[in-house]
Amino acid sequence: MARRHVSQRIGTVLRTSLGFAAIGFGTSLCSAGLVLLLLSLQGLPDDLGPGRQVILLCALAYVSFAFVVGTVWAGYLQRRTVVWFLAGRRPTLQEATRALRIPVELALVSGTLWAAGAVLFGVLAAVFGTWINAVGVVLTIVLGGLSTAGLTYLAAERVARPLLSMSLDVAGPRGPTSVLTRLVVVWGLSSGVPLVGVLFLILPPHIGDEDPTPSAVLLSTAGLLFGALATALFARAVAAPLQRMRGVLDDIRAGRRDVTVRIDDAGEIGMLQSSVRDLATGLREQERLRDLFGRHVGDDVVRHALEHGVSLSGDVREVCALFVDVADSTTLASELTPDEVARRLNRLFEVVVAATNSHGGLVNKFQGDAALCVFGAPTRHADPATSALRTARQIRDAVCERGELDLGIGVATGQVFAGQLGSRSRLEYTVIGDAVNEAARLTEHAKNVPGRVLASGPTLEGAAASERARWAPHGDVHLRGRRTPTATFTATR
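Given the structure is predicted, the values throughout are model-derived calculations rather than measurements. (Residues numbered from 1 in each chain as written. Predicted model: local features only at pLDDT ≥ 70, side-chain atom pairs only at ≥ 80, totals over all residues. Heavy atoms only, no water.)

## A short note on the overall build of the chain
Helices and strands together make up the secondary structure of the chain, namely 17 helices and 8 strands. Considering the chain as a whole, with its 493 residues, one finds that 45% of them fall into the buried category. Long-range pairs, those at least 24 residues apart, make up 73% of the contacts in the chain with a sequence separation of at least 6. Within the structure as shown, the chain displays about 25,200 Å² of accessible surface, and the carbon and sulfur contribution to it stands at 62%. (Helix = DSSP H or I, 4+ residues; strand = E, 2+ residues; numbered from the N terminus. Buried < 20%, exposed > 50% of the residue type's maximum accessible area, 1.4 Å probe, protein only. Contact = heavy atoms within 4.5 Å. Areas by Shrake-Rupley, 256 points an atom, 1.4 Å probe, with all protein chains shown as cover.)

See below:
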């Protein structure tokens, strides 16, 4: 696996290096050919007389010199990047900042070499010709250099994207690249440079003695071609990341939270990519917190909290409370190791949660080896009594089948306060009322009943007839803290 990653990094570096070489050589060759053709159309070499051969030899020598210097210079700039990239490590902030400047620096390399050429051949043209010849040579070379630098800048951004993406993860999208910069370059290649060239051809002092029409046509054609290429690079640089972000936003809208956003632009588009990444990260974190919150308090409580916010309030509800408690837990803790007790309790609570959820109830809290379940809060329940009684029987049957624990289950019905208690910095959703206390007291007696389940009379009265048929009177019991006896029923099957 590691060897494959190394091979991939080497392949990326080679493709990038070859891309930079092709950019430098291709743009310079095309621009140099265009400059030579323009000068020939204007008859400037012939006007230089015997100095024409000297200038041509100097041109060949300088092109070779510029190619060597440009290659070495570009290699030096890239070397600062490939060192950390080939090592497979994250770049430092300084290394990342340097990498983000590569497109601009390559354009500066190209522009510097063309500027030096303009000065050199301008001087030669003035020596062997006239100052008008020198102006013509300088202006033509400058226009060619501007075209070369612009294309180099746009193409280098495209070629260097894999390296720039890693750098942007460290330095962030705050580099020199911007949509405005690209638009200016595209305008210069498609309109600015060709139009300036045409103006210099038709306005005094009328450089060269030949008809300016062929040169104007050539400049217009070159503007169309260079402009089309620059526009294609610009459109690709803007449209591709926007399309990817649109896909990411569609995934987020569809509910996906495991989306990734790659930042591969150093300007405004990169800042937008960073914002979308932060959005996805924030939503993913919110989903994780909501999941953790829901595991602790239940999905219904989560929805209630989101709807009502932080509020130390609640309302009075008619609910059915179901209380489950393990019998003789003290003896159990003394005979088993703590981790074994925890495993058995977890298996019990799995049954409690599954049964309660399947009947539309809420496991409000775990209290050591006991659990309180509520039917009718925070969301209203169509038939809380029937669901609570069915849940009690289902829990009892599942626990008896496993044979790991003995328990008691109490079910009671009544009005309770259901809401958030505590302080604004620490809240807990709970239910408080006589029905909760009654269910807990019934549980104490249920531990000694063969069916291990006791329900109050009002609970049976509110249940469906099909469910009442499964219960039988147990008699009146005196619950702790109550003066009058409570009529109870126990599950028969």
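## Quick look at helix α15 (residues 434–446)
In this model, α15 (13 residues) spans 18 Å end to end at C-alpha, consistent with the 18 Å of a helix rising 1.5 Å per residue. All buried positions along α15 are accounted for by Ala435, Val436, Glu438, Ala439, Ala440, Leu442, Thr443 and Ala446. (Expected span 1.5 Å × (residues − 1).)

## Brief notes about the pairing of strand β8 (residues 486–491)
For strand β6 (residues 453–456) and β8, the ladder comprises 2 bridges, and the chain directions are antiparallel. Considered in β8, the bridge of Ala455 is made with Phe489. Where strand β7 (residues 471–477) meets β8, 6 bridges bridge the pair, whose relative direction is antiparallel. Bridge assignment links Asp476 to a residue of β8, and that residue is Ala487. (Pairing = 2+ DSSP bridges.)

## Some details on the packing of aromatic side chains
Applying the stated criterion across every chain yields a total of 1 aromatic pair. Between Phe349 and Phe366, the aromatic rings sit 4.4 Å apart at their centres with planes inclined by 40 degrees, giving tilted as the arrangement. Remark: Phe366 occurs in strand β2 (residues 362–367) and Phe349 occurs in helix α13 (residues 338–358); sequence separation between them is 17 residues. Residue classification places Phe349 among the buried residues on the basis of a relative accessible area of 10%. (Phe/Tyr/Trp six-rings, centres within 6.5 Å; stacked < 30°, edge-to-face > 60°.)

## As for the pattern of salt bridges
Under the counting rule described, the total for this entry stands at 17 salt bridges. Between Arg396 and Asp397 there is a salt bridge, and its shortest N-O distance comes to 3.0 Å. In this structure, Arg452 engages Asp406 in a salt bridge whose closest nitrogen and oxygen atoms are separated by 2.8 Å. Separated by 46 residues along the polypeptide, Arg452 in the loop between α15 and β6 and Asp406 in the loop between α14 (384–402) and β4 (407–423) bring together distant segments of the chain. Since its relative accessible area comes to 34%, Asp406 is described here as partly exposed. (Salt bridge = Lys/Arg side-chain N within 4 Å of Asp/Glu carboxyl O.)

## Thoughts on the environment of Asp434
Here Asp434 is to be found in helix α15. As for Asp434 and Gln415, which are separated by 19 residues in sequence, their C-alpha atoms are 7.3 Å apart. If sequence neighbours within four positions are ignored, Asp434 has contacts with Gln415 and Arg482. Among the polar contacts made by the side chain of Asp434, one reaches the side chain of Arg482 at a distance of 2.2 Å. (Polar contact = N/O pair within 3.5 Å; in protein donor to acceptor, adjacent residues only side chain to side chain.)

## Side note on unusual backbone geometry
Backbone torsion omega between Ala377 and Pro378 reads 0 degrees, so that peptide bond is classified as cis. Inspection of the secondary structure puts Pro378 in the loop between β3 (370–375) and α14. In this model, Asp328 sits at a positive phi of 50 degrees, which is unusual for a non-glycine residue. When you line up the elements, Asp328 lands in the loop between β1 (314–326) and α12 (329–335). The phi dihedral of Arg452 falls on the positive side, at around 60 degrees, and the residue is not glycine.

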